[in-house]
Every structure is written in C-alpha cells, then in structure tokens.
Amino acid sequence: MKVDVDVLDFVRCELAQGSCPKCHAVHDPVLMQRSWMIPGEPRVFGIKCPTCGFHVTNEEIARIEQMIAPLVANAVKSFEEWRAFNE
C-alpha cells in the first residue's frame, strides 16, 4: 500500500494539537487523552479524541515520526541555509 507520509503526519499533528480529523471536534490540546492519563487504560493508544474515541497508537506515532525524519531533516537544512543566506 502506498502511503502519503504527509497525510499520516497531518492526522498525528491534528490530534496532538487538539483537533480531531475524524469528528472535527476541537479541544484544548491538554484535553486530548493520552493513554498514560487514564487509570487502568492499557498503554496502547498514544493520543485519543475524548469526543469520538479516534486514536493514534504509540506504535503508529513512532512509525510516522520515523518515516518523516528525513523530510524534517531536509526542511531544517533548507531553513538553516536560507537563514545563513539572509543574514
């Protein structure tokens, strides 16, 4: 299956920032449920929408971050080159 890494990262970022890409509920980011915040909850999901329950697992977060790492590194390099050129 061909996957658009930007789309995966968008979903992860939206949840982390408090906006659910599934039900479109908007919460303060601190209200997005983390598995470690709920007593007795298995530490399976990493970020979960308190409205609809849509979640991204810790494993999925790690895999997405691993997939985008080269893109982020290139973006940082480009930014630093741009900054040096404009100083």
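It should be noted that the structure appears before, not after, this text.
Quantities reported herein were computed from a predicted structural model and do not represent experimental measurements.

J.: Could you give an account of the overall build of the protein chain, naming the residues involved and the relevant values?
T.: Each helix and strand counted, the protein chain has two helices and two strands in total. A total of 87 residues make up the protein chain; the buried ones form 24% of that total. Long-range contacts, defined as pairs at least 24 residues apart, comprise 36% of the intrachain contacts of the protein chain with a sequence gap of at least 6. Looking at the protein chain as shown, the accessible area adds up to about 6400 Å², and 59% of this sits on carbon and sulfur atoms.

J.: Describe the packing of aromatic side chains, listing the residues and the values that go with them.
T.: Evaluation of the coordinates by the stated rule reveals one aromatic pair. When the centroid spacing of 5.6 Å and the interplanar angle of 40° are considered together, the rings of Phe79 and Trp82 count as tilted. With Phe79 and Trp82 both in helix α2 (residues 58–86) and three residues apart, this pair spans about one turn of that helix.

J.: Describe the packing of helix α1 (residues 5–16) against α2, and please don't skip the residues or the numbers.
T.: Helix-helix packing is described using two parameters, namely the angle between the two axes and the distance between the axes. Between α1 and α2, the least distance of the axes is 10 Å, while the angle of their chain directions is 125°. Judged by the angle between their axes, α1 and α2 are oblique. Considering how the two elements wind past one another, α1 and α2 form a crossing that is left-handed. Residues Val5, Asp6, Leu8, Asp9 and Arg12 of α1 pack against Ile61, Ile64, Glu65, Met67, Ile68 and Leu71 of α2.

J.: If you had to explain the side chain of Glu14 to someone new, which residues and values would you point to?
T.: Within the secondary structure, Glu14 is located in helix α1. Buried charged residue Glu14 carries no salt bridge. Nearest counter-charge: Arg12, at 11 Å. Residue contacts for Glu14: discarding those within four places in its chain leaves Ser19 and Pro21.

Calculation notes
- Residues numbered from 1 in each chain as written.
- Predicted model: local features only at pLDDT ≥ 70, side-chain atom pairs only at ≥ 80, totals over all residues.
- Heavy atoms only, no water.
- Helix = DSSP H or I, 4+ residues; strand = E, 2+ residues; numbered from the N terminus.
- Buried < 20%, exposed > 50% of the residue type's maximum accessible area, 1.4 Å probe, protein only.
- Contact = heavy atoms within 4.5 Å.
- Areas by Shrake-Rupley, 256 points an atom, 1.4 Å probe, with all protein chains shown as cover.
- Phe/Tyr/Trp six-rings, centres within 6.5 Å; stacked < 30°, edge-to-face > 60°.
- Axes fitted to C-alpha atoms, helices over the stretch in contact; angles between N-to-C directions.
- Parallel < 35°, antiparallel > 145°, perpendicular 65-115°, else oblique.
- Left-handed = near helix turned anticlockwise from the far one by under 90°.
- Lys, Arg positive; Asp, Glu negative; His and termini not counted.
- Salt bridge = Lys/Arg side-chain N within 4 Å of Asp/Glu carboxyl O.

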